Amino acid sequence: MMEMIVEMFSYPFMARAFVVGSLVALCSALLGVSLVLKRYSMIGDGLSHVGFGALAVAASLNLAPLAVAVPVVIVAAVLLLRIRGNSRIKGDAAIALISTSSLAVGIMVISMTTGMNTDVYNYMFGSILAMSDEDVRLSVAMAVIVLVLFVFFYHKIFAVTFDETFAQATGVKADLYNTLIAILTAVTIVVGMRMMGALLISSLIIFPALTSMRVCRTFKSVIVNSAVISVVCLVIGITVSYVWGTPAGASVVMVNIAALLVYSLIGLLRNKGE
């Protein structure tokens, strides 16, 4: 066992995957609880498609992928929040409108320029080999910023998550903190797309929160449990990917599915016991 661990960390790309992956998993889990409770969980899926479109354009123009994708996805997150709140286009229709449009733009750009090359394939399905040292430095910096802002504004995020109307009545600027949640989610998704892929990154937001809610009852316990589950599933998933040669993103999702099933069973047994 120890030999395998030493062997894994002897490869720089594996060390990068564990560091960046753990930070992304932690950020995703913390934000995911608020998004799931506010019924915004599909925003992650929509923003990942926007991220794919931005990355495709960056690849075709030979620009730095993250430098292009981060501001584009942040703008999309804010725009999506405004559309959901102030437009006749509500709920999942707004997400579908932006995500499918972005995906179509990305596919059109790819077909007219680079074609379905390795970089584009990695953006869509993820690859632990896709992250360069520059990507790692930028990803770690952005993930740390997300974590610091979440911890600093924890009580405000808690307030707008559970009762936005009451939070506004007590002087909390709900729109501002909803926008903050959307921006932090956008950054987390772009950082995680390099490893998980556009098609699977939203799973890191949804699964840990839903899993924790099968057993935990308070917001803080759900937050803490989600963070632990997310990081543990990420580590196990990448290890499985290394040992059996399976895709990293899909392996992480399968481990999250297993965790959800186990927690669901525990929740059912506990409810029956009560």
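In this numbering scheme, every chain counts its residues from 1 along its sequence in written order. Local features in this predicted model are restricted to residues of pLDDT 70 or higher, and side-chain atom pairs are both shown and tallied only at a pLDDT of 80 or more, whereas totals for entire chains, interfaces and linings draw on every residue. As a rule here, side-chain values come from all non-hydrogen atoms in the structure, and water together with hydrogens is ignored.

Novice: Is there a simple way to think about the overall build of the protein chain in this case?
Specialist: Summing up its helical and strand segments, the protein chain has 13 helices and 0 strands in all. Secondary structure is summarised from DSSP: a helix means a run of H or I of at least four residues, a strand means a run of E of at least two, and numbering begins at the N terminus for each. Along the protein chain, from the amino end to the carboxyl end, the secondary structure elements read α-α-α-α-α-α-α-α-α-α-α-α-α. Principal-axis analysis of the C-alpha atoms gives the protein chain an extent of 50 × 50 × 30 Å. Split into buried and exposed, the 274 residues of the protein chain put 52% on the buried side. We get accessible surface area from the Shrake-Rupley algorithm with a probe of 1.4 Å; when it comes to residues, only the shown protein chains can shield them. Element-wise, carbon and sulfur atoms account for 69% of the exposed surface of the protein chain, whose accessible area totals about 12900 Å². In this tally Asp and Glu are treated as negative and Lys and Arg as positive; neither His nor the chain ends contributes. Lysine's charge is taken at NZ, arginine's at CZ, aspartate's at CG and glutamate's at CD. Positive and negative side-chain charges of the protein chain, numbering 16 and 12 respectively, have mean locations separated by a distance of 12 Å. Exposure is judged per residue with a 1.4 Å probe applied to protein chains only, and the accessible area is read against the type maximum: over 50% gives exposed, under 20% gives buried, and values in between give partly exposed.

Novice: Mind showing me how you'd approach helix α3 (residues 43-60) here?
Specialist: Given 3.6 residues to a turn, an α-helix orients residues that are three or four positions apart in the same direction. Taking 1.5 Å per residue, 18 residues should reach 26 Å; α3 reaches 26 Å between its end C-alpha atoms and fits that length. Most of α3 sits inside the fold, with 16 of its 18 residues counted as buried. One or two positions beyond α3, positive phi appears at Asn62, with a value near 60°. Any helix carries an expected span of 1.5 Å times its number of residues minus one.

Novice: Even after reading the chapter, I still don't get the side chain of Ser102, so can you show me in this structure?
Specialist: Tracing the sequence through the fold places Ser102 in helix α5 (residues 91-112). On the accessibility criterion, Ser102 (15% relative accessible area) is buried. Here Ile98 takes part through its backbone oxygen, which lies 2.8 Å from a polar atom of the side chain of Ser102. Contact between two residues is taken to exist if any of their heavy atoms lie within 4.5 Å; hydrogens are not considered. Those residues within four positions of Ser102 in sequence are excluded, and the remaining contacts are His49, Val50 and Gly53. Polar contacts here mean pairs of N or O atoms no more than 3.5 Å apart (in protein, one a potential hydrogen donor and the other a potential acceptor; neighbouring residues in sequence count only if both atoms are side-chain atoms).

Novice: Any chance you could explain the nonpolar core here in plain terms?
Specialist: Across soluble globular proteins, nonpolar side chains show a tendency to be buried alongside one another. Side-chain atoms within 4.5 Å are what join buried Ala, Val, Leu, Ile, Met, Phe, Trp, Tyr and Cys residues into a set we call a nonpolar core. Core analysis: the largest hydrophobic core is formed by 81 residues, its most contacted members being Leu47 and Ile238. With 14 residues, helix α10 (residues 174-196) is the single largest residue contributor to this core.

Novice: Whenever I open this one, the packing of helix α2 (residues 12-37) against α10 confuses me. Can you help?
Specialist: Packed helices, taken two at a time, are described by the angle between their axes plus the distance between the axes. Their axes nearest at 9 Å, the elements α2 and α10 cross at an angle of 145°. Between α2 and α10 the crossing geometry is left-handed. Counted together, Ala17, Val20, Gly21, Val24, Cys27, Ser28, Leu31, Ser34 and Leu35 of α2 and Ile181, Leu184, Thr185, Thr188, Val191, Gly192 and Met195 of α10 form the full contact between these two elements. Residues are grouped as follows: Ala, Val, Leu, Ile, Met, Phe, Trp, Tyr, Cys and Pro are nonpolar; Asp, Glu, Lys and Arg are charged; all remaining types, including Gly, are polar. Grouping the constituent residues of the contact of α2 with α10 by class yields 10 nonpolar, 6 polar and no charged. Interaxial angles span 0 to 180 degrees and are taken between N-to-C directions of axes, which are lines fitted to C-alpha atoms, for helices over the stretch in contact. Each crossing gets its handedness from the near helix: less than a right angle anticlockwise from the far helix is left-handed, clockwise is right-handed.

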